[in-house]
Structure formats: structure tokens, C-alpha cells
Amino acid sequence: MAKNTDERELEVHEPKNAAAGVTAVGVSMKRAITQMGVKNTAKTLLKLNQADGFDCMSCAWPDPDPENRQTAEFCENGAKAVAEEATKKRATPAFFARYSIAELEAHDEYWLGQQGRITHPLVKRPGGTHYEEIEWDDAFAMIAEHLNGLDSPDEAIFYTSGRASNESAFAYQLFVRAFGTNNMPDCSNMCHESTSIALQESIGIGKASITMRDIYEADVILIAGQNPGTNHPRMLSALEIAKRRGAKIIAVNPLREAGLHNFRNPQLPRGIVGKGTDIADLHLPIKLNGDLALFQALGSLFVEWDALDHDFIDTHTTGFEEWARHVSDVDWAQVEKATGLSRALITEAAEMIRGSSKTVYCWAMGLTQHRNSVATIKEVCNLAFARGDIGKIGAGLFPIRGHSNVQGDRTMGIWERPPAHFLDAMQKEFGFDPPREHGLDTVDSIRALRDGKASFFMGLGGNFVHASPDTDVTSKAMRRAALTVQVSTKLNRSHLVCGEAALILPTLGRTEQDIRGGKEQFVSVEDSVCAVHASRGPLDPASPHLRSETAIVAGIAEATLGDRHGIRWAAMRDDYDIIRDHISRVVAGCEDYTAKVDRPGGFVLAHPPRDSRTFKTKSGRAEFVAVPMEVLHVPEGHLVLQTLRSHDQFNTTIYGLSDRYRGIKDGRRVVFVHPDDITALGFHDADHVDLVAKWDDDDVDRVAENFRIVAYDTPRGSAAAYYPETNPLVPLDSTATGSNTPTSKSVIIKLVPLGTGRSAPGGGQDGVGADDEHKKHPQPKHLS
């Protein structure tokens, strides 16, 4: 068996500048050429994010207008994503014959991903130890037999990752609803669901209220709970433009991330030889879960100063008086305790916003994965309403989505709680009444599998086992399934932690040509600002045995449903224009869809608050909401942990084992802690510890073993570590009120000496939370 890739010496160095010119370019090109070769590197990267090319499969950052795009319209991490997908390596049936599932499971996630593209459909039969090749029609028949044998359609779960195109997502939700269930969890349940709920209730639509122009023309941009340099690197270029036009930028984040300080744009000469641009004018190093208190304090100052847009408030909002009374009574001692920020620093931020006539409010996972996330995002909306920062150029609300088409999938109907108007349109178009009862989201799907209420799981992309919380509980739940089906490009953990029987259905990637019905097909996606456009891959498929996600969905649907409801699955499989015709009549704003999406740059979906300051809320107005301020209680001797990405990963895909922006080389099992906390807890920098997470609502101490302490500039009481290694610490039942999103940014942990985590009181009880990942990562031997 091959050795694990992490059997090397972990090193800690000084963090590097964000996109540091030559370094970023060199890293991107070297990796791309190594993985894809010179020819395919040129064919892909020159088409990446271009109007006549393909959409990046990583983040959902919007593209500039076609006439303003660079020749190299991609970032370092976008190039990594392309190289991973277009790699020359192949995982053939011979590879799966060589390695048993147990042997593969002993490897780390990085090693698994480096084995290359899966070339054939594969099956693990009941009692089997290996995956073996299976014909496509036999795989579809196997799925159909299981689904049609269920007592109820609600015993099946159909998950979607944010990679799926609009066409495949629409066909998928059509199949699932024609089958008879709304059990459609998606990756949004684990990230921006809190945003969707909060915005829907506050402004009537769960999407960003800005366009790219608004970023460029803002006076102030507030960025909360987001690390652009790693998670949305092309955002730095947009911020640089705004900065050079005079914008002030406020960063609200526990860590002082490299991306917002001394950014050197590798696409411009000054970024390679110049000194770079300090993006953030003000950094608020907030304690974890202190955002709600901060935003209420800002609101208090705006009310005190009468720094309010009374015309907007009077004309377009409701609930202002109650909110103003509420924030006027803010307890500043409580604010300072919750945030770790001084009143003077908060006032400085408020004064910057007061001096702005146009402010954009940005946020990401740092706001959405707490118990009080929905309330926190509503408080962001309150600030925008108070200042009139919605429905005008240079201002608005900007939740930045983390996966390339997660927003488009939701637009196409991937949601366990579909609105009645969408189902009505489905009924009119296809002649059957879709199920009206809400289905299961991600957390509830895991519970259903765990409790034996569901026996079938299908994942349209993604790595569900490692993306989900409470890894041990999720793994045991998945193993209880009778059949699991994964539509994938490369090997990941969810292929190995599987049901009694399991299928891997290999699919085309974004980089590849899709020839169906004798012609080249294209797909479409939607970015974070409601812009919808076409995507066409330039490369030959990695294997002649691959099928597109759309063709796979249509094949499963045809095998399972036959001609039920008269839906023409074979026609949709061979001609995506037919799917888009259906979309044009079902999805609001998508009329004449094929023509609009295929023109250069595509089109932008309507957004009433942005376009006309109209709000489809219960009141018909933007809704101020007064919510109690919460201060997270942390027991003595404990820290609050946020899980986050390294610079060398995208979601659960691990590109490499280093994070140069934070000074980490050749290792991932590190925990970032303030130096004074390290001392106070009785440890030293470079000590190895176990992390034990305690949640008051159960008696289980969840354990993640063998983490190296790294002294870091983070607020006292706040710690950070990479996921998915720390997902075992996130309780399944600890979720955001109103959205059911796992609280991955508010995990209360204790550091204990290495090897004692399981022996701590309650540690790893009944095996729950037992973390075996450390076995794949031997203790580092050297630190510099």
C-alpha cells in the first residue's frame, strides 16, 4: 500500500502576502502544468471564466462584464481547481481491483484526491470488499429496483452539491418530485441557509442585492466573517479597484487574514514588482460569535447620531421604532465582552459608515454558522435599512456564496422547502401535483439515515460524509443505508463510507466537452449576484465511459419512472435546450432562457429590492427586527473554535498540505490559539494536544486527536482549525435557530494533553466523535 502523503515534517513559517505576485503565478502554473500538461493548461486556463468558455467550478464570485475581463480571468485557487479536475491521472477499474475499500479508507483525503479521475461506473455489492466495474444500464436498473421497492418515497434522500449545473439541477428536482418526495438537502443547508432564511424574511428574497458595479462604486465596504484571499480570491481584484476609486474597507474577522493586507495583484505589473495594496483600512479582530453584538452597537450609534436615512425608513420599511428603542438600550459592557472590541474601535467603524453615502455589507460563513446566525444577518439588514443602503448604486447586501452554482441550484428548485408558486408552475408544466410537504435538509437527512427512517442516499456531486458535521455520527448513518449512490469526478471519503451496496457514477467535469445527441451541449450557472450565463468545457472527456450529470439524472429517472407523467427523459438527456424550455416556463425570470443565457455574459435575474426597492415580505416592506443580544457562555479553561479552510483546499477537496498565508507547511492538524491563551491553559507553542468538544445538550465529549498548537494573532478565547479534520467536533444537533445550519463557527473546546482526549470525562463515549483521522497523520517531527 502506498504511504500517506502527510508522512513528512510539518513546518511553521511567517505567513506570506496574499497573491504575492510571482509566487501566486508560479504556484498556479507549476501545479497546472504538472497535473494537466502544457497543452491542456493553455486550453483550460485561457477559457476559464470567459464569456465563450467555462465557469470555474470553485467559488461563486461574479465575473466582470465580458468587455472588462482579463486574458487570465482566474485566481490561484481557480487554477488549482481546474488542474485537479483536468488531471492526467486516472483511477481505473484496475486501481479499484488493487485496493480494497478498507485499504483506501486508511488513506487521507489528499491522497485519495490525487489518484485521478474515475473512468468507469463502479459498484460495491452487498458484502463486497472492493468496487468493481458495472455497466451504466445495470447501475440505473439497480437504483430503480431499490427506489421502486421502498415503502415510501420519503425513505430516499437526494443530496446536491453546488457544482451541479442549472440543467442537471432542474432535471434532478423534477425527477425527485415526480418520484414523490421533497427530500432534497443541499450544501447550502450547511453554509448560507441562515442567509437565505434571514434575507427572505427581511427583504423578500434570499439573494444578494448588488451587482459588480456596486462593489466598484461603494464608499465603504464592510466584510464580515469572510477571508477573500483564500475563499474568493478574485474578490481581491474587485476590492483593489474599489480601493483605488476611494472606497474604505472594514474587515470584521477574528484572524488578520493575509488577503486583506498588502494584496499584490498577479494580473497587473504593479502586483508583480510593486509594493501591493493594503485592502483593509480598519480591522476589527472580533471574538467568535460577537457579530450580533457588534452590529447592534453600530445601530445604536447610528440612532444616537441620527445618522439615518429617514426617507427610506419612512417609505420602505416597517418596525423601525421598535428596533431603534432596542438598540438605543445596548449595554456597552456586554458589547465589549461579547466582541472583545473597545468602544473606541467600534465607534471608528461606525464613523466610517456614517461618512459613507453608499455602503456594501459583505459576509460569508463567519456569520452563518452560529446558533444566532439568522438573527445576526437580520441585524446586518437592519443597518442597511437604517442607512438606506439598498436599491441604489454602490450599496447593498452581499452574501458571498462559496460554491460555484449553489445559488443556481436553489433557483432551479433544489430545496427541501419549495415555495408554493414553484410547485404550482411545476404542476402546470408537467401535469402532476408535486409533493407539498416539506422534505429533509442535511441535518435531518443524517438523522433519518441514523434512525433507519431512510435507506437510500444519492449525492449529485460533493463529499457528503466529510462536509457534514459530527463525522462519526454521519459515517454510522451512511453505513446504515441499503444503497448509496455518488455522482463524482474523483475519489473521496463518501465513496468509502457507504451503504451496504454502493455505486460510483463518474461524470463529466466543467472542463470537458459534452457531446449528446450528435451536438455539443452547454450548461448554465448562476453566480452570487444573480447573473446567469453559459458554460462550455474545451477538453476531451477524461474517459469515453463518462456521462454528464444531466444524462445520469435522466438515465436514473427513465429507469425508475418509465413514462410516468409523460416526462420525456430521453429527449432531455440528448438535448439540453428541452430542459431550458421547461425552465423558461417554470422558473420565474427565466423566460426565453436558452437565448438569454447563451448571449455573451448571459443575463441578470430580477431582484425587486435591488431593482425597484420593492419587498415581497409579509408586510410588503423591508422589515426591521429587534432581536435579543446574545453572549456565548464559555466555561473556564475552554475556547471557542471556528472550523475553516486552508489556502490549499476548496471545501473538502485538499489541493495540498500547506497554507502559506498562515505560515503552515506540510501539515493540516494544527490549532491556532492566542499566545496568552496557550500559556494560561498550561501549554506551549508547538505542543501537541487533543481537542475535546463539549455540548451541553448531550453527554458526549467529541474528540479530534493530535493537533499541533500554533501561536497566532487571534482574539483571546478564540481558536481556529481546518475542516474536515475538525468536523467530528461539531454536534449534529447544534444548529442555527431558524435555518438548522450546523454551528461550525461556535464549537466550545478544551485542549488536553496528547493521547488523553478519549480518557477525558465522557471523552469519545460509545465511540461517538471518535476521530481516527489522526492515524493517517503521524506526529510531526520538526517545526521551524
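Turning our eyes to something else, we now look at the overall build of the protein chain. Counting its regular elements, the protein chain contains 32 helices and 30 strands. Its C-alpha atoms give the protein chain a radius of gyration of 25 Å, near enough to 28 Å, the size a compact globule of 784 residues would have. By principal-axis analysis of the C-alpha atoms, the protein chain measures approximately 70 × 60 × 55 Å. Residue burial in the protein chain is summarised as follows: out of 784 residues, 67% are buried. Within the protein chain, contacts between residues separated by at least 24 positions form 79% of all contacts whose residues are at least 6 apart in sequence. Carbon and sulfur atoms make up 49% of the accessible area of the protein chain, which totals about 26,400 Å². Taking the average place of the 86 positive charges on the side chains of the protein chain and the average place of its 106 negative ones, the gap between the two points comes to 4 Å.

This part covers the pattern of salt bridges. Throughout the structure, instances matching the rule amount to 50 salt bridges. With a shortest N-O distance of 3.1 Å, Asp-648 and Arg-31 are connected by a salt bridge. Pair noted here: Asp-648 is in the loop between β22 (639-644) and β23 (649-650) and Arg-31 is in helix α1 (residues 22-36), with a separation of 617 residues, a long-range link. Each member of the pair, Asp-648 together with Arg-31, is buried. Two residues, Arg-244 and Glu-240, come together in a salt bridge whose shortest N-O distance is 3.6 Å. On the criterion of helical spacing, the pair formed by Arg-244 and Glu-240 is a turn pair, its members being 4 residues apart in helix α12 (residues 234-244). On the accessibility criterion, Glu-240 (3% relative accessible area) is buried. What you see here is one network of salt bridges that share partners, running through Arg-31, Glu-76, Lys-80, Asp-648 and Arg-660.

A word on the nonpolar core. Counting residues in hydrophobic clusters, the biggest one holds 63 residues, and the most contacted among them are Ile-143, Leu-147, Phe-158, Phe-175, Phe-456, Leu-503 and Leu-505. Here this core takes 9 residues from helix α8 (residues 166-179), the largest share from any one element. Residues contacting Leu-147, with those up to four places away along its chain left out, are Ala-156, Phe-158, Phe-175, Phe-179, Phe-456 and Thr-560. If you look at the next biggest cluster of nonpolar residues, it comprises 57 residues, including Leu-199, Ala-384, Phe-615 and Ala-622.

What follows concerns the sheet that holds strand β20 (residues 603-604). Pairing is antiparallel across the open sheet formed by 3 strands, whose spatial order is β18-β19-β20. Across the chains shown, the open sheet's two edge strands, defined by having one partner strand only, are β18 (523-526) and β20. Contacts from α8 reach β18 and β19 (531-535), with the element oriented near 90° to β18.

Relative to each other, helix α22 (residues 420-430) and helix α29 (residues 576-586) sit at 130°, their axes nearing to 9 Å. Of the possible angle classes, the one that applies to α22 and α29 is oblique. Crossing geometry of α22 relative to α29 is assigned as right-handed. On α29, the residues that touch Phe-422, Ala-425, Met-426, Glu-429 and Phe-430 of α22 are His-582, Arg-585 and Val-586. Broken down by class, the residue content of the contact of α22 with α29 amounts to 5 nonpolar, 1 polar and 2 charged.

Looking now at the packing of aromatic side chains. Summed over the entire model, instances satisfying the criterion amount to 24 aromatic pairs. Aromatic pair Trp-136 and Phe-140: ring centres 5.7 Å apart, planes at 45°, arrangement tilted. Of this pair, Trp-136 and Phe-140 both sit in helix α7 (residues 136-148), 4 residues apart, which is roughly one turn of that helix. Members of the aromatic cluster, connected to one another through ring pairs, are Phe-95, Phe-96, Tyr-99, Trp-111 and Tyr-131. Positioned above the aromatic ring of Trp-305, the side-chain terminus of Arg-354 is 4.0 Å from the ring centre. Positioned above the aromatic ring of Phe-302, the side-chain terminus of Arg-387 is 5.7 Å from the ring centre.

All right, on to the sheet that holds strand β28 (residues 701-711) then. Strand order in the closed barrel formed by 6 strands is β22-β29-β26-β28-β27-β30, with mixed pairing between adjacent strands. Recorded for the sheet is a direction-independent mean angle of 45° between the axes of neighbouring strands. Bridge count between strand β27 (residues 688-694) and β28: 6 bridges; the pairing is antiparallel. Following the sheet pairing, Leu-691 is matched in β28 by Ala-704.

As a further point, take helix α25 (residues 471-479). With 7 of 9 residues buried, α25 lies mostly within the body of the structure. Of all the residues in α25, the buried ones are Thr-471, Asp-472, Val-473, Thr-474, Ser-475, Ala-477 and Met-478.

Taking burial as the measure, the 5 residues of strand β7 (residues 220-224) include 5 buried ones, the bulk of the element. The two faces of β7 match: Val-220, Leu-222 and Ala-224 on one face and Ile-221 and Ile-223 on the other face are all buried. As defined by bridge partners, β7 adjoins strand β8 (residues 248-252) across 5 bridges and the pair is classed as parallel. Note that in β8 the partner of Val-220 across the bridge is Lys-248. Bridging between β7 and strand β11 (residues 359-363) involves 5 bridges; their strand directions are parallel. Its bridge partner being in β11, Leu-222 is matched across the sheet by Tyr-361.

With that settled, consider the state of the cysteines. By the definition in use, this model includes 0 disulfides. Take Cys-59: it sits in no disulfide, and the sulfur closest to it among the cysteines is that of Cys-75, at 6.1 Å. Note on Cys-59: relative accessible area 12%, which makes it buried. Cys-191 takes part in no disulfide bond, and the closest cysteine sulfur to it belongs to Cys-187, at a distance of 5.3 Å.

Okay, the environment of Phe-683 next. Within the fold, Phe-683 resides in the loop between α32 (675-680) and β27. By relative accessible area, Phe-683 is classed as buried at 12%. Residues Phe-683 and Ile-709, spaced 26 residues apart in sequence, show a C-alpha to C-alpha distance of 8.6 Å. Residues in contact with Phe-683, not counting those within four places in the same chain, are Ile-678, Val-689, Ile-709, Leu-751, Val-752 and Pro-753.

Right, let's talk about the packing of helix α9 (residues 193-203) against helix α20 (residues 373-387) for a bit. Contact geometry of α9 with α20 gives a least axis separation of 8 Å together with a crossing angle of 45°. With respect to α20, the axis of α9 lies oblique. Every pair of crossing elements has a handedness; the one defined by α9 and α20 is right-handed. Packed against α9, whose contacting residues are Ser-194, Thr-195, Ile-197, Ala-198, Leu-199, Glu-201, Ser-202 and Ile-203, the element α20 presents Ser-373, Val-374, Ile-377, Lys-378, Cys-381 and Phe-385 at the interface. Of the residues contributing to the contact of α9 with α20, the split by class is 8 nonpolar, 4 polar and 2 charged.

Attention now goes to the confidence of the model for the protein chain. Low-pLDDT portions of the prediction should not be read for the details of their coordinates. Averaged over all residues, the pLDDT of the protein chain equals 92, while 92% of them reach at least 70. Here residues 765-770 scores under 50 on pLDDT; set against residues more than four positions off or in separate chains, the count is 17 contacts. Every residue in residues 777-784 is under pLDDT 50, and counting partners more than four places away or in other chains gives 24 contacts.

Now for the side chain of Ser-488. Relative to the helices and strands, Ser-488 is located in strand β14 (residues 483-488). Reaching out from Ser-488, the side chain makes a polar contact with the side chain of His-495 at a distance of 2.8 Å.

Before going further, it helps to examine the pairing of β14. Most of β14 is tucked away: 6 of the 6 residues are buried. Bridge analysis of strand β13 (residues 456-460) against β14 gives 5 bridges, and the strand direction is parallel. Pairing of Met-458 across the sheet is with Val-485, part of β14. In this sheet, strand β15 (residues 501-506) lies alongside β14 in parallel orientation, the contact comprising 6 bridges. In the sheet register, Ser-488 faces β15, and the bridge partner there is Pro-506.

About the criteria used
- Residues numbered from 1 in each chain as written.
- Predicted model: local features only at pLDDT ≥ 70, side-chain atom pairs only at ≥ 80, totals over all residues.
- Heavy atoms only, no water.
- Helix = DSSP H or I, 4+ residues; strand = E, 2+ residues; numbered from the N terminus.
- Rg over C-alpha atoms; globule rule 2.2 N^0.38 Å.
- Buried < 20%, exposed > 50% of the residue type's maximum accessible area, 1.4 Å probe, protein only.
- Contact = heavy atoms within 4.5 Å.
- Areas by Shrake-Rupley, 256 points an atom, 1.4 Å probe, with all protein chains shown as cover.
- Lys, Arg positive; Asp, Glu negative; His and termini not counted.
- Charge placed at Lys NZ, Arg CZ, Asp CG, Glu CD.
- Salt bridge = Lys/Arg side-chain N within 4 Å of Asp/Glu carboxyl O.
- Core = buried A, V, L, I, M, F, W, Y, C linked by side-chain atoms within 4.5 Å.
- Pairing = 2+ DSSP bridges.
- Axes fitted to C-alpha atoms, helices over the stretch in contact; angles between N-to-C directions.
- Parallel < 35°, antiparallel > 145°, perpendicular 65-115°, else oblique.
- Left-handed = near helix turned anticlockwise from the far one by under 90°.
- Nonpolar A, V, L, I, M, F, W, Y, C, P; charged D, E, K, R; others polar.
- Phe/Tyr/Trp six-rings, centres within 6.5 Å; stacked < 30°, edge-to-face > 60°.
- Lys NZ or Arg CZ within 6 Å of the ring centre and 35° of its normal.
- Disulfide = S-S within 2.5 Å.
- pLDDT = per-residue confidence, 0-100.
- Polar contact = N/O pair within 3.5 Å; in protein donor to acceptor, adjacent residues only side chain to side chain.

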